[in-house]
Structures are given as C-alpha cells and as structure tokens.
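Chains, contacts and geometry: an overview
Listed below are the residues making up each chain.
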Amino acid sequence: MTARDEVDRIVEAWRRERPDLDVEPLQVLSRVSRLARHLDRARKAAFAASELESWEFDVLSALRRAGEPYELSPKALLQQTLVSSGTMTNRVDRLTVRGLVERRTDPNDGRSIRVRMSAEGRSRVDRAIGELLQSEAELLERLPRTDQARLADLLRTLGAGFDELPT
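Because the structure is a prediction, the values reported are computed rather than measured. (Residues numbered from 1 in each chain as written. Predicted model: local features only at pLDDT ≥ 70, side-chain atom pairs only at ≥ 80, totals over all residues. Heavy atoms only, no water.)

1. Focus on the UniProt feature "domain: HTH marR-type" (unreviewed entry) in the protein
This is how it is decided: UniProt positions are given in the numbering used here, feature names are shortened, and annotations may be inferred rather than shown by experiment. Working definition: helices are DSSP H or I runs of at least four residues, strands are E runs of at least two. Numbering for both runs from the N terminus.
With numbering aligned to this structure, UniProt lists the feature "domain: HTH marR-type" (unreviewed entry) at residues 25-160. Overall, residues 25-160 shows 70% helix and 12% strand. The separation of its end C-alpha atoms is 18 Å.

Set out below in structure tokens:
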C-alpha cells in the first residue's frame, strides 16, 4: 500500500464527523483536484518559458495541430477551445497584436476569414509543447507506463460525454 496522503486524512475526518455520508467520491475526485492544481502550475511555468498565457497556448496549439498552413476558421477554433465567439474574437485580436497570428480572407469565400499562425507563433507553441510534455512526464514519473495507460483509460471512461454537456 502507498503512503497516506492529505486526502486520506480528509476522508477519515469526514467519516468521523459525518458517518451518515458516503465520502468515497472524495477518494478519487479530491485527488484529481489536487493533481489538477499541480498540473496547472506546471502548465503555467511551461507556457511562461515561451512567453505565452495558457489561453494563447490553447489557440496556437489548435492552429499547430491543424498542420500546414497552420490556419483554421474562427468556428473551428471555437469548437476546439470551447469559448464563446466574443471571447475568441478578443483572443485573435490580442494574438494578432502580438504578431503570433494573422487574419486572412478565406480564398474559397471572400466573406469569411481564416486565422493563420505566424512563424513566431509556431516557434513559441513548439517550445511550449516541449516544455509542457517534459513537465507532465515528471508529474507522471511515479507511475509505470502500463499504469499510466490504465489511468488514461479510466479517466477517458469517467469523462465520456462531458465535452458534450452544455457549458
């Protein structure tokens, strides 16, 4: 058995104070919440090394994953980043000012635009993803790859359908 952690102490205290409640969900979700905080710190550090905010990384990584010419419609960016159209407009505006993306007229529909990542945007997102993957690997290094795969499968099952829920 692994060493006790703070969640074990919290669960034990709730069992003592409220024996009428089923506190088992805390065993999983409190640990997920605590891990999420560590992941958030690691991500902020990885992005800061590339002079990016997390929202900037989200937009740039969506464009990078699209492949050459590293451009998407605003609608596709909305779907991938799960933000409102007003928020996306603001984000694209700010990234444009920083020279990380540019707006281009869609050659197939002159009324539409495409958002294209600049060379500087690509350089920064490539640096950030390298830093991020290194940090995330360090967070997971206590688990063998087989356990990481099993955990990924369990989390996939737990999260199935969440992306389709209304926000």
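2. Regarding the packing of aromatic side chains
What counts here: Here a pair means two rings of Phe, Tyr or Trp (six-membered ring of Trp) with centres within 6.5 Å. Their orientation is stacked below 30 degrees between planes, edge-to-face above 60, and tilted elsewhere. Partly exposed describes any residue whose relative accessible area lies between the buried limit of under 20% and the exposed limit of over 50%, with all areas from a 1.4 Å probe on protein chains only and scaled to the type maximum.
Evaluation of the coordinates by the stated rule reveals 1 aromatic pair. Taken together, a centroid distance of 4.3 Å and an interplanar angle of 20° make the contact between phenylalanine 47 and phenylalanine 57 stacked. With a gap of 10 residues between them, phenylalanine 47 in helix H2 (residues 24-49) and phenylalanine 57 in helix H3 (residues 54-65) connect regions that are remote in the sequence. With respect to class, phenylalanine 47 is no different from phenylalanine 57; both count as buried.

3. Some remarks on the sheet that holds strand E1 (residues 71-72)
Hydrogen bonds between backbone atoms are what pair the strands of a sheet, whose relative direction is either parallel or antiparallel. Basically, it comes down to this: Strand pairing requires that DSSP identify at least two bridges connecting the strands.
Here we have 3 strands laid out as an open sheet, ordered E1-E3-E2, and antiparallel in their pairing. One side of each edge strand has no neighbouring strand; the edge strands of this open sheet are E1 and strand E2 (101-106). One ladder, built from 2 bridges, connects E1 with strand E3 (residues 109-117); its direction is antiparallel. Counterpart to leucine 72 in the pairing with E3 is valine 115.

4. A look at the packing of H3 against helix H5 (residues 85-97)
Stated formally: Here, axes are lines fitted to C-alpha atoms. For helices the fit covers the stretch in contact, and angles between N-to-C directions go from 0 to 180 degrees. Every angle not falling under 35 degrees, over 145, or within 65 to 115 is termed oblique; those three ranges are roughly parallel, roughly antiparallel and roughly perpendicular. Should any heavy atoms of two residues lie within 4.5 Å, those residues are counted as being in contact. Each residue is assigned to one of three groups, with Ala, Val, Leu, Ile, Met, Phe, Trp, Tyr, Cys and Pro labelled nonpolar, Asp, Glu, Lys and Arg labelled charged, and all others, Gly among them, labelled polar.
Where H3 meets H5, the axes come as close as 11 Å, and the angle between the chain directions of the two elements is 90°. Classified by the interaxial angle, the pair formed by H3 and H5 is roughly perpendicular. Side by side, H3 and H5 meet where Trp55, Glu56 and Val59 of the first sit next to Met88, Arg91, Arg94 and Leu95 of the second. Its residues assigned to classes, the contact of H3 with H5 shows 4 nonpolar, no polar and 3 charged.

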